[in-house]
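Residue-level listing of the chains:
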Amino acid sequence: MKIKADTEICIGAGMCALTAPEVFDQSEDDGTVVLLDPDPPAAQEAAVRRAVQLCPSGALSSS
């Protein structure tokens, strides 16, 4: 699974960091998404997919 995070459209809601903290964090400067692991292990797949679904701005995508 590959993850993409678009900081240009991220609104800093933090749902990703709350849902999958091993994969996502938030910038201390503006609260936008920080991708910690663009290719997370299979054990994180369900949490990452949930984070993508919960993102209110659509800044996250997975393939």
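Residues numbered from 1 in each chain as written. Predicted model: local features only at pLDDT ≥ 70, side-chain atom pairs only at ≥ 80, totals over all residues. Heavy atoms only, no water.

1. Remarks on the pattern of salt bridges
Enumeration according to the criterion identifies 2 salt bridges in this entry. The salt bridge involving Lys2 is made with Asp39; its shortest N-O contact spans 3.4 Å. A residue pair is termed long-range when its members are at least 10 positions apart, and Lys2 in the segment before strand E1 (3-5) and Asp39 in the loop between strand E3 (33-35) and helix H2 (45-54) qualify at 37 residues. Lys2 gets classed as partly exposed once you look at its relative accessible area, which sits at 48%. One salt bridge in this structure joins Arg49 and Glu45, with 2.9 Å as the shortest N-O distance. (Salt bridge = Lys/Arg side-chain N within 4 Å of Asp/Glu carboxyl O. Helix = DSSP H or I, 4+ residues; strand = E, 2+ residues; numbered from the N terminus. Buried < 20%, exposed > 50% of the residue type's maximum accessible area, 1.4 Å probe, protein only.)

2. Regarding empty space enclosed by the protein
All chains considered together, the criterion is met by 1 cavity of 30 Å³ or more. Estimated volume of the largest cavity: approximately 90 Å³. Lining the largest cavity are 15 residues; nearest its centre among them are Cys10, Ala13, Gly14, Cys16 and Cys55. (1 Å grid on protein atoms, 1.4 Å probe; cavity = no way out; pocket = protein on both sides within 12 Å on 5 of 7 lines; lining within 4 Å. Points joined across faces, edges and corners; volume = space filled by probe spheres on them.)

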